[in-house]
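Okay, here's what each chain looks like letter by letter:
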Amino acid sequence: MTLLTTMMERPLDAGYQEAADRRAAAGLPRATSTRTVLVVVLALLTGFLFAVASQSLRPKPTAAAAVKKELVTRIEALQQHGTQQEAKVASLGKQVRDYEALALQQSGGPDLTGTIKALEVQAGAVPLRGPGLTLTLDDAVSADADANAGNRPSSGFQEGRVASGDLQIIVNGLWGAGAEAISINGHRLSSTAAIRFAGQAIIVDFRPLARPYVITALGDPQGMQQLFEPSFAGLYLSQLTEEFKIRSILATSDSLTVPGDSAARLEVAEPIGSPIGSSAPSSPAVTGLKKGTGSPSSPSSPSSPSPTSTGRTPGGTSSPAPPTSQENPS
């Protein structure tokens, strides 16, 4: 209590109290004012130093940063433009098919509408709907950039990241398990589709994919699951999950939809044999089918599209058959 009483009665230290008494005896204020010129100047100088230090610590914009920002803006604009053009192509394609069906009905000749629809289904040019399963793949929660991927065909990807080779093996496994139509993040896979990589990005037919990667496969859900899990692709997926912590979710559904491949179009075709009106030749009339800017590919049987892959294909791959249900593009 004595200490507290002393602090309340004499808050100043003895030395400060003596100095204050001397100033009071000399006729001066007991303490200097905070409004003196020196204090104001020192305050302004301190504030200026803080402002200069703060400004110097900010990262200065460089030419590389400006170029990167411009590239990001251009890429986003081009992606948006590409999405709009794809929607426009799908709409115009539906109009073309409607006109073709009307022309075939008015021609008075044999009804080829059913044949054309069946070939469009087999070529992957139209949307399809039916039962199937979805397999969602995503990177590990924490991907180690310095980790060694070992024998995994990672193509330079980090250990905990989904690589293009992983999607190739899994998609081929789904084809082999009886999938009738497959899409990845809304991109339809046909016999001429390709899964590749560019740096650390995965692309399908030159269109980049964003994680998570959702693989939609139409077909018998239970049958595909029973064949896929013990296959090479199913064991490979289990290894990715257990050793590299890549996340995967497999789910079945009674109603799934895969879009049509808007990039598939005829670019090289010529008539074969006799002109229209005579007996039709037994060989196909189309000599090439191209996608994008690639070279013409040799004609293949429309009932047996090959698995999607740019790398190795696991054994036992069977040819997918077209689903029985066709989605209305509108």
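Preceding block: the structure.
So, a few notes on the structure that sits alongside this text. (Residues numbered from 1 in each chain as written. Predicted model: local features only at pLDDT ≥ 70, side-chain atom pairs only at ≥ 80, totals over all residues. Heavy atoms only, no water.)

Here's the deal with the overall build of the protein chain
Then step 1. Broken down by element type, the protein chain carries eight helices and ten strands.
Then step 2. Relative to its 330 residues, the protein chain shows a buried fraction of 26%.
Then step 3. Considering only residue pairs separated by 6 or more positions, the protein chain has 72% of its internal contacts joining residues 24 or more positions apart.
Then step 4. Put simply, the protein chain shows about 21000 Å² of open surface, and 59% of that area lies on carbon and sulfur atoms. (Helix = DSSP H or I, 4+ residues; strand = E, 2+ residues; numbered from the N terminus. Buried < 20%, exposed > 50% of the residue type's maximum accessible area, 1.4 Å probe, protein only. Contact = heavy atoms within 4.5 Å. Areas by Shrake-Rupley, 256 points an atom, 1.4 Å probe, with all protein chains shown as cover.)

Observations concerning the environment of Leu209
Then step 1. Within the fold, Leu209 resides in the loop between strand 6 (207-208) and strand 7 (213-218).
Then step 2. Exposure remark for Leu209: the relative accessible area of 10% places this residue in the buried category.
Then step 3. Those residues in contact with Leu209 that lie beyond four places of it in its chain are Leu167, Ile184, Asn185, His187, Ile202 and Val204.

A short note on a nonpolar patch on the surface
Then step 1. A cluster of nonpolar side chains, contributed by Leu38, Leu42, Leu45, Phe48, Leu49 and Val52, occupies part of the molecular surface with about 610 Å² of accessible area.
Then step 2. Relative to the assigned elements, Leu49 resides in helix 3 (residues 37-57). (Patch = residues over 30% accessible without salt bridge, like charges linked within 9 Å, V, L, I, M, F, W, Y side chains within 5 Å. Salt bridge = Lys/Arg side-chain N within 4 Å of Asp/Glu carboxyl O.)

Some remarks on the sheet that holds strand 2 (residues 181-184)
Then step 1. With respect to topology, five strands assemble into an open sheet ordered 3-2-7-1-8, the strand pairing being antiparallel. The open sheet terminates on both sides in strands that have one partner only, identified here as strand 3 (187-189) and strand 8 (247-258). Here the strands of the sheet are splayed against their neighbours by 25° on average, with no regard to which way each runs.
Then step 2. One ladder, built from three bridges, connects strand 2 with strand 3; its direction is antiparallel. Of the residues in strand 3, the one forming a bridge with Ile182 is Leu189.
Then step 3. Seen against the sheet, helix 6 (residues 164-176) touches strand 1 (128-138), strand 2, strand 3 and strand 7 and runs at an angle of roughly 15° to strand 7. (Pairing = 2+ DSSP bridges. Axes fitted to C-alpha atoms, helices over the stretch in contact; angles between N-to-C directions.)

Let's talk about the nonpolar core
Then step 1. Leu137, Leu167, Ile182 and Ile215 are the most contacted members of the largest nonpolar core, which has 33 residues in total.
Then step 2. When residues of this core are traced back to their parent elements, those giving at least two are strand 1, helix 6, strand 2, strand 5 (201-204), strand 7, helix 7 (221-228) and helix 8 (232-244).
Then step 3. Top element by residues in this core is helix 6. It accounts for six residues.
Then step 4. Beyond its immediate sequence surroundings of up to four residues, Leu167 is in contact with Leu137, Val162, Ile195, Ile202, Leu209, Tyr213 and Ile215.
Then step 5. Val121, Val126, Leu218 and Leu256 belong to the second-largest nonpolar core, a separate cluster that totals seven residues. (Core = buried A, V, L, I, M, F, W, Y, C linked by side-chain atoms within 4.5 Å.)

Looking at the pattern of salt bridges
Any two side chains of opposite charge can pair, given that their charged atoms come close.
Then step 1. Counted according to the given criterion, the structure contains seven salt bridges.
Then step 2. Between Arg247 and Asp138 there is a salt bridge; the shortest N-O distance is 3.2 Å. With Arg247 in strand 8 and Asp138 in strand 1, this pair connects stretches of sequence that are 109 residues apart.
Then step 3. A relative accessible area of 37% means that Arg247 is categorised as partly exposed.
Then step 4. For Arg161, the salt bridge goes to Asp139, with nearest N and O atoms at 3.6 Å. Here Arg161, found in the loop between strand 1 and helix 6, pairs with Asp139, found in the loop between strand 1 and helix 6; they are 22 residues apart in sequence, far enough to count as distant.
Then step 5. The network of salt bridges with common partners includes Asp138, Asp139, Arg161, Arg211 and Arg247.

Here we look at the environment of Ser164
Then step 1. Tracing the chain through its elements places Ser164 in helix 6.
Then step 2. Residue Ser164 is classed as buried on the basis of its relative accessible area of 2%.
Then step 3. In sequence terms Ser164 and Ala198 are 34 residues apart; their C-alpha atoms lie 9.4 Å from each other.

With respect to the pairing of strand 4 (residues 195-198)
Then step 1. Relative to strand 5, strand 4 runs antiparallel, the two sharing four bridges. Bridge assignment links Ala198 to a residue of strand 5, and that residue is Ala201.
Then step 2. Between strand 4 and strand 5, which pair antiparallel one after the other, the connecting turn spans two residues, and Gly199 there sits at a positive phi close to 70°.

Overview of the pairing of strand 2
Then step 1. Where burial is concerned, the two faces of strand 2 agree: the one with Ala181 and Ser183 and the one with Ile182 and Ile184 are both buried.
Then step 2. Two elements, strand 2 and strand 7, share four bridges in a ladder whose sense is antiparallel. From the neighbouring strand, Ser183 faces strand 7, where its bridge partner is Thr216.
Then step 3. Linking strand 2 back to strand 3 in an antiparallel pair, the connection comprises two residues, with Asn185 at a positive phi of about 50°.

Here's the deal with the sheet that holds strand 6
Then step 1. Reading across from one edge, 4-5-6 is the order of the three strands in this open sheet, with antiparallel pairing throughout. The two strands at the open ends of the sheet, each matched to only one other strand, are strand 4 and strand 6.

Notes on the packing of helix 6 against helix 8
Then step 1. Relative orientation of the contacting elements helix 6 and helix 8 amounts to 140°, with a least axis distance of 8 Å. Between helix 6 and helix 8, the interaxial angle falls into the category oblique. Along this stretch, helix 6 crosses helix 8, giving a crossing that reads as left-handed. Facing helix 6, whose interface residues are Asp166, Ile169, Ile170 and Gly173, helix 8 presents Phe232, Ala233, Tyr236, Leu237 and Leu240.
Then step 2. Considered class by class, the residues forming the contact of helix 6 with helix 8 number seven nonpolar, one polar and one charged. (Parallel < 35°, antiparallel > 145°, perpendicular 65-115°, else oblique. Left-handed = near helix turned anticlockwise from the far one by under 90°. Nonpolar A, V, L, I, M, F, W, Y, C, P; charged D, E, K, R; others polar.)

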